[in-house]
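Remarks on the overall topology
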Amino acid sequence: MDHEIIEFDVELGGGGEEDGVDIENAVDYDDMGQTYSGAGGVGEVYIPEGEFLDLEPYEGMEFESEEAAKAFYNSYARRVGFSTRVSSSRRSRRDGAIIQRQFVCAKEGFRNLNEKRTKDREIKRPRTITRVGCKASLSVKIQDSGKWAVSGFVKEHNHDLVPPDQVHCLRSHRQISGPAKALIDTLQAAGMGPRRIMSALIKEYGGISKVGFTEVDCRNYMRTNRSRNMEGDLQLLLDYLRQMHNENPAFFYAVQSEEDQNMSNVFWADPKARSNYSYFSDTVTLDTTYRYNRYRLPFVTFTGVNSHGQPVLFGCAFLINESEASFVWLFNTWLTAMSGQHPSSITTDHDAIVRSAITQVFPNTRHRFCKWHIFKKCQEMLSQVFLEHPGFEADLHKCVNLTDSIDEFESCWLSLVDKYDLRDHDWLQSLYSARKQWIPVYLRDAFFAEMSISQRSDSMNSYFDGYVNASTTLNQFFKLYEKAIESRHEKEIKADFETVSTPPSLKTPSPMEKQVSGLYTRKTFARFQEELVGTLTFTASKVEDDGEVITYQVVKFGEEHKAHYVRFKVLEMRASCSCQMFEFSGLLCRHVLAVFRVTNVLTLPSHYILKRWTRNAKSNITLEVRSNTAYTNYLESHTVRYSTLRHEAFRFVDEGAKTMDTYNVAVDALQEAFKKVTDAAKNEGNYAVPNGRPKEAPASVGNQASLTTQNQLCHVTENMSEDEMDKKIQELISELDYANKKCEVYRSNLLSVIKDIADHKHELLVKVQNIKMDMKECA
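Residues numbered from 1 in each chain as written. Predicted model: local features only at pLDDT ≥ 70, side-chain atom pairs only at ≥ 80, totals over all residues. Heavy atoms only, no water.

You'll find the protein chain entered in an unreviewed UniProt entry as Protein FAR1-RELATED SEQUENCE, with Kalanchoe fedtschenkoi given as the organism. Checking UniProt for the protein chain, the heading Sequence similarities (unreviewed entry) contains the comment "Belongs to the FHY3/FAR1 family." UniProt, in its Function (unreviewed entry) section for the protein chain, records the words "Putative transcription activator involved in regulating light control of development." (UniProt positions renumbered as here; feature names shortened; annotations may be inferred.)

In this section: the overall build of the protein chain. A count of helices and strands for the protein chain gives 23 helices and 20 strands. When burial is assessed residue by residue, the protein chain has 42% of its 779 residues classed as buried. For the protein chain, the share of sequence-separated contacts (at least 6 apart) that also reach a separation of at least 24 residues comes to 61%. Counting every atom, the protein chain has about 43,200 Å² of accessible surface; 52% of that belongs to carbon and sulfur. (Helix = DSSP H or I, 4+ residues; strand = E, 2+ residues; numbered from the N terminus. Buried < 20%, exposed > 50% of the residue type's maximum accessible area, 1.4 Å probe, protein only. Contact = heavy atoms within 4.5 Å. Areas by Shrake-Rupley, 256 points an atom, 1.4 Å probe, with all protein chains shown as cover.)

This next bit is on the sheet that holds strand E18 (residues 574-577). Judged by pairing direction, the sheet is antiparallel, and its 4 strands sit side by side in the order E15-E16-E17-E18 without closing on themselves. Every interior strand has two partners, whereas the edge strands, strand E15 (538-545) and E18, have only one. The average angle at which neighbouring strand axes cross in this sheet is 25 degrees, direction not considered. Here strand E17 (residues 563-569) runs beside E18; their pairing, made up of 4 bridges, is antiparallel. Its bridge partner lying in E18, Phe 568 is registered against Ala 575. On the sheet, helix H19 (residues 590-598) packs against E15, strand E16 (549-556), E17 and E18 and is oriented at approximately 75 degrees with respect to E15. (Pairing = 2+ DSSP bridges. Axes fitted to C-alpha atoms, helices over the stretch in contact; angles between N-to-C directions.)

Let's shift gears to the UniProt feature "domain: SWIM-type" (unreviewed entry) in the protein chain. Here the UniProt-annotated "domain: SWIM-type" (unreviewed entry) positions come out as residues 568-600. Overall, residues 568-600 shows 42% helix and 18% strand. The separation of its end C-alpha atoms is 13 Å.

The full count for this structure, using the stated rule, is 22 salt bridges. Glu 56 is the salt-bridge partner of Lys 155, the closest N and O atoms lying 3.2 Å from each other. Of this pair, Lys 155 sits in the loop between strand E7 (148-154) and helix H3 (178-189) while Glu 56 sits in the loop between strand E2 (21-26) and strand E3 (62-63); the two residues are 99 residues apart in sequence, bridging distant segments of the chain. Several salt bridges converge on common partners, so that one network encompasses Arg 527, Glu 530, Glu 531 and Arg 590. (Salt bridge = Lys/Arg side-chain N within 4 Å of Asp/Glu carboxyl O.)

Here the focus is the nonpolar core. The biggest cluster of nonpolar side chains holds 38 residues, and the ones touching the most others in it are Tyr 520, Phe 568, Phe 596 and Leu 604. Those elements giving two or more residues to this core turn out to be helix H16 (511-517), helix H17 (522-534), E15, E16, E17, E18, helix H18 (581-585) and H19. Once you skip the residues sitting within four places of it in the chain, Phe 568 turns out to touch Glu 548, Val 549, Ile 550, Tyr 552, Met 573, Arg 574, Ala 575, Val 595, Phe 596, Thr 599 and Val 601. (Core = buried A, V, L, I, M, F, W, Y, C linked by side-chain atoms within 4.5 Å.)

A surface patch of negative charge is lined by Glu 544, Asp 546, Glu 548 and Glu 572. Secondary-structure assignment places Glu 544 in strand E15. (Patch = residues over 30% accessible without salt bridge, like charges linked within 9 Å, V, L, I, M, F, W, Y side chains within 5 Å. Lys, Arg positive; Asp, Glu negative; His and termini not counted. Charge placed at Lys NZ, Arg CZ, Asp CG, Glu CD.)

So, on to the state of the cysteines. Defined simply, a disulfide is a covalent bond joining two cysteines at their sulfur atoms. What the rule picks out here adds up to 0 disulfides. Cysteine Cys 399 is unpaired, with the sulfur of Cys 412 as its nearest cysteine sulfur at 3.4 Å. (Disulfide = S-S within 2.5 Å.)

Note on placement: Glu 64 falls in the loop between E3 and helix H1 (66-80). Remark: the alpha-carbon pair of Glu 64 and Gly 146, spanning 82 residues in sequence, is separated by 7.7 Å. With near-sequence residues (within four places) excluded, Glu 64 lies in contact with Gly 146, Lys 147 and Trp 148.

Given 3.6 residues per helical turn, the α-helix brings residues three or four places apart onto the same face. The end-to-end C-alpha distance of helix H13 (residues 406-419) is 20 Å, a good match for the 20 Å that 14 residues give at a rise of 1.5 Å each. Where H13 is buried, its residues contact helix H12 (392-401) and helix H14 (426-433). Directly after H13, the chain includes Asp 421, whose backbone phi takes a positive value near 55 degrees. (Expected span 1.5 Å × (residues − 1).)

This paragraph deals with the pairing of strand E12 (residues 311-318). Among the 8 residues of E12, 8 are classified as buried, and the element is accordingly described as predominantly covered. As defined by bridge partners, strand E11 (residues 299-305) adjoins E12 across 7 bridges and the pair is classed as antiparallel. Bridging from a neighbouring strand, Val 305 pairs with Pro 311 of E12. Connecting E11 to the antiparallel partner E12 that follows it, the hairpin turn spans 5 residues, and Gly 309 within it adopts a positive phi of roughly 80 degrees.

For the protein chain, mean pLDDT is 78; residues scoring 70 or higher make up 74% of the total. Residue range residues 1-51 is modelled with pLDDT below 50. Its contacts to residues more than four positions away, or to other chains, number 102 contacts. (pLDDT = per-residue confidence, 0-100.)

A positive phi angle, near 60 degrees, is found at Ser 339, a position not held by glycine. With respect to the secondary-structure elements, Ser 339 resides in the loop between helix H8 (324-337) and strand E13 (345-348). Unusually for a residue other than glycine, Ala 449 sits at a positive phi of about 60 degrees. Here Ala 449 is to be found in the loop between H14 and helix H15 (474-501). The buried category is assigned to Ala 449, whose relative accessible area is 5%.

In this section: the packing of aromatic side chains. Enumeration over the complete set of coordinates arrives at 38 aromatic pairs. A centroid spacing of 5.8 Å and a plane angle of 45 degrees characterise the contact between Phe 409 and Trp 413, whose relative ring orientation is tilted. Within this pair, Phe 409 and its partner Trp 413 are both found in helix H13, separated by 4 residues, close to a single helical turn. This pair shows no difference in class: Phe 409 is buried, exactly as Trp 413 is. Measuring from centroid to centroid gives 5.1 Å for Phe 582 and Tyr 608, while their planes differ by 80 degrees, and the two rings are edge-to-face. In this pair, Phe 582 is assigned in helix H18 and Tyr 608 in the loop between H19 and helix H20 (629-656), connecting sequence segments 26 residues apart. Accessibility assignment for this pair places Phe 582 and Tyr 608 in one class, buried. Among the aromatic residues, those joined into a ring-pair cluster are Phe 252, Phe 267, Tyr 277, Phe 302, Phe 314, Phe 327, Phe 331, Trp 334 and Phe 362. When the ring centre of Tyr 432 is taken as reference, the NZ or CZ atom of Arg 435 above it lies at 4.1 Å. Sitting over the face of the ring of Trp 613, Arg 612 holds its NZ or CZ atom 4.6 Å from the ring centroid. (Phe/Tyr/Trp six-rings, centres within 6.5 Å; stacked < 30°, edge-to-face > 60°. Lys NZ or Arg CZ within 6 Å of the ring centre and 35° of its normal.)

See below:
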């Protein structure tokens with residue numbers, strides 16, 4: 001805005017009158033942060049011409065106007081190397097017209113500290129002292145002819161003058177011309193920031209000194225321009241939100257009003273966003289990196305992950321400022337819209353202000369920094385290191401992504417900073433200090449809904465990419481916003497349709513694969529199938545057994561040096577792996593599945609099937625993860641009994657084979673136990689199954705069930721109606737199908753036992769061969 005000279009009467013001497021004029025002082029705004037006339041591109045600038053260009057001021061020198069005199073002195077100051085300002089003026093008592101002006105060096109006088117103003121408020125960023133009492137000045141006085149003449153000139157300065165290549169930085173010599181304003185407006189509308197605009201201006205004018213102003217002036221001009229235009233667009237935004245709420249009361253929006261400004265922070269969440277959060281509220285991503293409108297307003301999005309691994313929207317906001325108070329308001333408002341339900345984990349950009357706000361509002365939520373954005377920031381902060389050491393980036397990614405334990409990461413990090421001499425790099429050290437919030441090995445025990453720990457897709461969900469850009473106005477924004485929402489919804493519908501309409505192809509004969517193929521969505525099943533097939537290249541060996549928990553070492557063929565350890569509680573059917581993939585992603589890893597394979601766990605226990613990854617993720621009915629309740633119950637309970645007996649039997653064999661005495665006792669006990677089990681099976685005759693229907697004993701169960709079905713069918717059809725007969729037939733067919741499935745279970749168990757016997761036989765043969773070779777060597 002124009003520098004406004006505020007004048008007030010000051011009486012001098014006894015009566016305050018001197019030659020019929022008042023003496024006035026101008027309030028100087030230099031130390032108060034105001035802009036001079038002509039500085040920053042606001043006011044008309046008078047350029048001296050002709051013989052005035054190279055002259056030095058002298059008493060009696062005449063000018064056509066006061067403005068011409070001021071422009072001349074400013075031009076002289078530019079040549080010499082100092083900045084000017086208007087100091088005082090004298091006004092006529094008769095008509096109030098200014099009849100005398102004094103122009104001074106900007107360093108004239110001393111700062112006038114207002115004690116009351118300083119007491120009432122704390123000055124957080126005190127300005128640099130610029131006044132040093134310089135006496136250099138130029139006084140001009142109007143003549144009877146109407147011209148202005150120099151009445152006084154002080155040439156000497158008490159401070160160093162500025163060299164020619166730095167004069168353009170002085171306030172009174174900084175102005176934005178009309179053509180420069182037009183170019184700034186055009187580039188700002190295209191989404192360019194002050195730094196890039198200044199680069200374009202410097203190239204256009206042939207140097208920073210010829211541009212005539214600094215990047216700060218450019219930024220101030222853009223801010224003023226943006227504020228003036230933003231108010232109208234924000235009103236359009238609020239009108240849109242009110243309309244959406246009136247059409248559907250479930251549409252939530254809120255505005256944070258500020259008493260000292262018209263602009264406010266705005267948040268909204270449509271009904272679908274609120275519904276999505278009720279299903280997938282376990283993890284949230286907050287993206288504050290969008291600057292997709294011409295005002296460069298932070299556009300903040302809350303997103304999550306649905307059952308297909310697709311991003312879903314939980315709410316949006318425009319923030320006028322990115323202060324901690326703004327984020328605290330935003331998080332509390334978002335929680336209100338989401339019925340107060342806190343997420344289990346949240347991912348944000350690496351930002352201290354956001355972290356502080358999250359600590360206040362989400363104290364129990366696991367907070368993670370986005371690894372992708374940190375690596376992107378590394379390219380800027382470590383550009384010199386990347387340039388000098390081409391191998392550094394690959395080593396950094398390896399250290400962060402490929403270490404399997406905390407100890408391994410710590411060792412790798414120390415080696416990295418030593419190798420490239422970066423122990424004293426402040427920014428890299430700050431990343432290390434925050435390692436528990438972005439390094440994967442520190443985060444694996446928390447759920448973030450990522451289908452793999454090693455995947456690189458843990459960046460922010462770019463939900464609106466491809467729909468809005470830097471030149472988008474707020475008026476255009478909501479049309480593109482609605483288009484993006486519609487497109488994401490269509491992709492979700494398509495994924496739902498493919499899951500239901502097209503059965504996935506199975507790659508193994510595993511009952512577990514068939515079981516989950518009808519439960520998981522297509523993408524989730526494909527990820528689980530990848531882990532299941534991956535077990536074929538892994539071996540699981542028992543390394544410890546404390547009677548309650550068995551520990552297995554799982555290694556990949558050819559990579560025996562890189563082992564994972566799985567702790568398996570047989571009776572509870574629960575396993576935990578050192579890689580912690582299930583805790584991180586909600587899907588079991590190949591290491592646990594390899595242990596399930598060798599321990600004859602044929603189906604996936606229900607507590608390992610998270611509803612959020614299934615086809616019924618959006619169902620309000622409690623998820624039943626069993627496709628055939630009776631059959632799956634039987635498989636699970638039978639697997640537990642089989643695994644438990646097998647485990648106890650191996651312990652029995654190990655103890656019984658130690659000495660001849662224990663062997664004889666073991667054989668007698670085994671024979672007696674076998675007799676008791678056989679008698680119990682004969683006496684029981686029939687036994688109960690999970691759905692309560694009696695079944696024949698295991699012996700010849702398939703044929704016996706078929707014969708029983710035929711006999712029952714002939715007996716009951718004599719006195720039954722047609723509907724009752726059809727119902728009975730269906731029941732008998734179901735029982736037959738159930739019996740056949742049981743046969744498959746027994747067949748699988750038998751094959752497993754045969755395999756164990758073959759393995760044991762192979763071990764004995766190896767031992768025999770070794771003994772023979774030892775005997776030959778001894779001979």
